[in-house]
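The chain contents come next:
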Amino acid sequence: MQTGKITALYVRFSYDDGIDAESGSIEHQKSLLRSYAESNGFTNLSYYADDGYTGTNFNRPDFQRMLGDIHKGLVSTVIVKDMSRLGRNYLMVGQYVEIEFPKHNVRFIAISDNVDSAKGMNDLLPIHNLMNEWYSRDISKKVRAMIRQKGNSGQSIASKLPYGYYNIPEDKQTWLIDESAANVVRRIFDLYLNQSFGMYQIARILKAEGIPRPTYHRRMAKGIKVEADDLCVWNASVVRNILQHREYIGDTVNFRTEITSYKNKKVIHNSDDKLKIFPNTHPAIIDKETFQKVQDKISKEIRHTRNVHSYLFADYLYCMDCHSRMHGRQCYLKGGRALSAYECSTYRKSKGCCFHGVPEMYLQAEVLAKIQNVLAFAKSNPAEFRQNISKALEEQSDGSKAVIQEELDKAQARTTEIDKYIQGLFEAKVRGEIDGSLFASLKKTYDEEKEQLNKLIIDLITKLSRENEANEKIQLLYAAIRKYDAVWELTPEVLTDFIEKIEVGQVSAENKKISFELRDNQISVFFWGVGIIDFM
């Protein structure tokens, strides 16, 4: 059937998928794919395997390696056990199956789902992919609920133990002291508190003494051979993290971080009021008095800012016209004075669009004012604020969830009826009650109606998914409003809590001739879930 090019057998397994570990294992998938490929005449088989990677993450090592081979023209066919092995984000899966693979003349086969691009794609495939994504979302919610319950009960939910502790697989809740690492921790506290060494100096001392850094120490403790140029390279941030880790006095600290959603894996560091602290849950390495003295000393440190400017809005800005990302840059005004600003990436690369440069100080003032206005209105008129939010969401949607669900139920019920009618027509034809031409005419009418219904079902499921995502995002905004009494300074944490994105337009015609630092661009601030808030 094939010569030369690779038949890519892609396998993926993750316990997050909730599938049976044996039937879903990497080895079982490999065996199934090899058997299918050999019995159907495929040759030049090559495995691509990602073990332990969730389906919502497409930055998997072997998946990316397979894409690289596809882009090089080395692959003719991709075979998977089922669609969920490729991924559980229906938009991304659709992009690969319907756009990326065909663009490179790659045939795609999903064995269990009876999908073969060489035979034409099933109209219901997007629905199947969406169901896979909803399954992943449901699993994510259940896992997060389980972790939340576990964390609130006082059990440790840390993915890895702090440097200086270890546990055994049979009892992961019992922390034991790793004496060799614990002695390093005690030394770090002593060097900082009693010998007045700074964190950078402590890092240099540990490096000079050849002490493996925490990441490599854990591997070596498990018997893993480590060969690395930076084996003993400590840095000040690692030292600071150890000095501020409350677990060293015997307390369990849960919910230090969280992620926004199962799609967005960005880690958010929680404020102190969200932490759950359970005292005296495991052996202490540092006594409480020493730990408190260290915290007092750290709080009194004079922290010098770095020379390199950190762009506050780097992850939020988009051009209002071409919708490209906007990137930070330093502008130099007359007299050599530097001004931090942002510029449309399309314009900057000379690929079109127009100048959308905006000073950072102008953005800070505008965005802070909008957040303050929203927060003030929500605090002073909570009922009216929620009512207006609900009204805004209703106006944005194509219809309420109940209406969409009702239409979806009707469409799905009608497709079931059509299948029964077609079956009845076939039986009537077999019995000789209708002739072949009438059967063909009636079947064609039903097939055309079913095709239209399938398209409607896909559209309704997509709308329902958007409604669900909007409801999830709006909870982020409500959580931010509960979190803050007032906001007086724009920080990365404040932006993360309130803002989804910011669009920057051009300056008004009358202001184009004034100094760049005084320009007032059109700004659209999109709050989580609701977008632009303009009802105040």
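Residues numbered from 1 in each chain as written. Predicted model: local features only at pLDDT ≥ 70, side-chain atom pairs only at ≥ 80, totals over all residues. Heavy atoms only, no water.

Enquirer: Please clarify how the pairing of strand β4 (residues 107–110) should be interpreted in this entry.
Expert: Moving residue by residue along a regular strand, the side chains alternate between the two faces of the sheet. Bridge count for strand β3 (residues 75–80) against β4 is four bridges, and the pairing is parallel. Residue V80 lies in a different strand from β4, and its bridge partner there is A110. In this structure, the hairpin formed by β4 and strand β5 (residues 115–116) is closed by a connection of four residues, where N114 is found at a positive phi of approximately 55°. (Pairing = 2+ DSSP bridges. Helix = DSSP H or I, 4+ residues; strand = E, 2+ residues; numbered from the N terminus.)

Enquirer: I tried to follow unusual backbone geometry on my own but got confused; where do I start?
Expert: The phi torsion of most residues other than glycine is negative, and most of the peptide bonds are trans. In this structure, N105 takes a positive phi of about 55° despite not being glycine. Locating N105 in the fold gives a position in the loop between α4 (90–103) and β4. Positioned with a positive phi, N280 is a non-glycine residue whose angle comes to about 55°. As for its position among the elements, N280 is in the loop between β11 (276–278) and α10 (288–299).

Enquirer: Please explain the state of the cysteines as it appears in this structure.
Expert: What makes a disulfide is a covalent bond joining the sulfur atoms belonging to two cysteines. Using the criterion set out here, one finds zero disulfides in the structure. C353 carries a free sulfur, and the closest cysteine sulfur to it, the one in C319, is 3.6 Å from it. In this structure C353 comes out as partly exposed when scored by relative accessible area, which is 35%. (Disulfide = S-S within 2.5 Å. Buried < 20%, exposed > 50% of the residue type's maximum accessible area, 1.4 Å probe, protein only.)

Enquirer: Teacher, can you tell me more about the packing of aromatic side chains here?
Expert: Think of a pair of aromatic rings as described by two things: how far the centres are apart, and how the planes are tilted against each other in angle. Under the counting rule described, the total for this entry stands at 17 aromatic pairs. Look at F58 and F63: their rings are 5.8 Å apart centre to centre, the planes differ by 70°, and that puts the pair in the edge-to-face class. Given a relative accessible area of 7%, F58 falls into the buried group. Taking the centre distance of 6.2 Å and the plane angle of 15° together, the rings of Y165 and Y248 count as stacked. Of this pair, Y165 sits in strand β6 (residues 165–168) while Y248 sits in the loop between α9 (236–243) and β8 (252–254); the two residues are 83 residues apart in sequence, bridging distant segments of the chain. On the basis of relative accessibility, which here comes to 1%, the residue Y248 falls in the buried class. Members of the aromatic cluster, each reached through a chain of ring pairs, are Y10, F58, F63, Y96, F101 and F108. Looking at K429, its charged tip hangs above the ring of F439, at a distance of 5.8 Å from the centre. Positioned above the aromatic ring of F526 is the side chain of K501, whose terminal nitrogen or guanidinium carbon lies 4.7 Å from the ring centre. (Phe/Tyr/Trp six-rings, centres within 6.5 Å; stacked < 30°, edge-to-face > 60°. Lys NZ or Arg CZ within 6 Å of the ring centre and 35° of its normal.)

Enquirer: What is the right way to read helix α2 (residues 61–71) from this model?
Expert: An α-helix turns once every 3.6 residues. As a result, residues three or four positions apart point the same way. Residues of α2 that are buried: D62, F63, M66, L67, D69 and I70. The buried residues of α2 all sit within an arc of 160° when viewed along its axis, so they share a single face. One or two positions beyond α2, positive phi appears at G73, with a value near 80°. (Arc of directions from axis to C-beta.)

Enquirer: Would you mind going over the sheet that holds strand β1 (residues 6–13) with me for this structure?
Expert: The strands making up a sheet associate through backbone hydrogen bonding, with each pair oriented either parallel or antiparallel. Judged by pairing direction, the sheet is mixed, and its five strands sit side by side in the order β2-β1-β3-β4-β5 without closing on themselves. Taken across any chain shown, the strands that pair with only one partner, and hence form the sheet edges, are β2 (45–51) and β5. One ladder, built from four bridges, connects β1 with β3; its direction is parallel. Bridge assignment links T7 to a residue of β3, and that residue is T77. Contacting β1, β2, β3 and β4, helix α1 (residues 26–39) runs over the sheet at an angle of about 155° to β1. Across the sheet, α2 touches β1, β2 and β3, and the angle it forms with β2 is around 145°. (Contact = heavy atoms within 4.5 Å. Axes fitted to C-alpha atoms, helices over the stretch in contact; angles between N-to-C directions.)

Enquirer: Help me understand the nonpolar core, please; the structure alone is not making it clear to me.
Expert: A general feature of soluble globular proteins is that nonpolar side chains tend to end up buried together. Counting residues in hydrophobic clusters, the biggest one holds 42 residues, and the most contacted among them are F313, L477, F498 and F527. Broken down by secondary-structure element, the contributors of at least two residues to this core are β12 (317–319), β14 (338–344), α12 (360–380), α13 (382–396), α15 (436–483), α16 (492–498), β16 (499–507) and β17 (521–527). Broken down by element, the residue count for this core peaks at nine residues, all from α12. Apart from the residues lying within four places of it in its own chain, the contact partners of F313 are Y342, E360, L363, Q364, V367, L490, L495 and I502. By size, the runner-up hydrophobic cluster in this structure holds 29 residues, among which are A182, L191, L243 and Y248. (Core = buried A, V, L, I, M, F, W, Y, C linked by side-chain atoms within 4.5 Å.)

Enquirer: Is there a simple way to explain helix α6 (residues 179–193) in this structure?
Expert: Helix length check: α6 (15 residues) gives 21 Å between terminal C-alpha atoms against 21 Å at 1.5 Å per residue, within 8%. Taken together, the buried positions of α6 are occupied by A181, A182, V184, V185, I188, F189, L191 and Y192. (Expected span 1.5 Å × (residues − 1).)

Enquirer: Sorry, what's going on with the pattern of salt bridges here?
Expert: It is possible for side chains bearing opposite charge to pair when their charged atoms get close. Under the criterion given, the structure shown has 22 salt bridges. The closest approach of N and O atoms between D62 and R65, which form a salt bridge, is 3.1 Å. Here D62 pairs with R65, and both are found in helix α2, just three residues apart, close to one helical turn. A relative accessible area of 17% places D62 in the buried class. On the accessibility criterion, R65 (37% relative accessible area) is partly exposed. When salt bridges with common partners are traced through the structure, they connect K81, D82 and R85 into a single cluster. (Salt bridge = Lys/Arg side-chain N within 4 Å of Asp/Glu carboxyl O.)

Enquirer: Hey, could you run me through the packing of α6 against α9 in this one?
Expert: Each pair of packed helices can be summarised by the angle the axes make with each other and by the distance between the axes. Interhelical geometry of α6 versus α9 gives an angle of 95° and a closest axis separation of 10 Å. On the basis of their axis angle, the class for α6 and α9 is roughly perpendicular. Within the contact between the two elements, α6 uses V185, I188, F189 and Y192 and α9 uses V239, I242 and L243. Taken together, the residues of the contact of α6 with α9 sort by class into seven nonpolar, no polar and no charged. (Parallel < 35°, antiparallel > 145°, perpendicular 65-115°, else oblique. Nonpolar A, V, L, I, M, F, W, Y, C, P; charged D, E, K, R; others polar.)

Enquirer: Could you clarify how one ought to interpret the pairing of β14 in this entry?
Expert: Extensive coverage of β14 is indicated by the burial of six of its seven residues. As paired elements, β14 and strand β15 (residues 358–359) share two bridges and run antiparallel to each other. Looking at the pairing, A341 lines up with P359 of β15.

Enquirer: Help me out: how do you make sense of a nonpolar patch on the surface in this one?
Expert: Together, Y166, I168 and L176 make up an exposed nonpolar region whose accessible area comes to about 240 Å². Locating L176 in the fold gives a position in strand β7 (residues 171–177). L176 gets classed as partly exposed once you look at its relative accessible area, which sits at 31%. (Patch = residues over 30% accessible without salt bridge, like charges linked within 9 Å, V, L, I, M, F, W, Y side chains within 5 Å. Areas by Shrake-Rupley, 256 points an atom, 1.4 Å probe, with all protein chains shown as cover.)

Enquirer: Honestly, the sheet that holds β12 in this entry has me stumped. Any pointers?
Expert: The sheet built from three strands is open, its strands ordered β12-β16-β17 with mixed pairing. Every other strand in the sheet has two partners, leaving β12 and β17 as the edge strands with one partner each. Direction aside, the axes of adjacent strands within the sheet are offset by 25° on average. Two strands pair when backbone bridges link them, and β16 and β17 are joined in this way by six bridges, in the antiparallel orientation. Looking across to β17, one finds that K501 is bridged to F526. Against the sheet, α12 engages β12, β16 and β17, with an angle of about 40° to β17.

In short, geometric facts, not functional conclusions.
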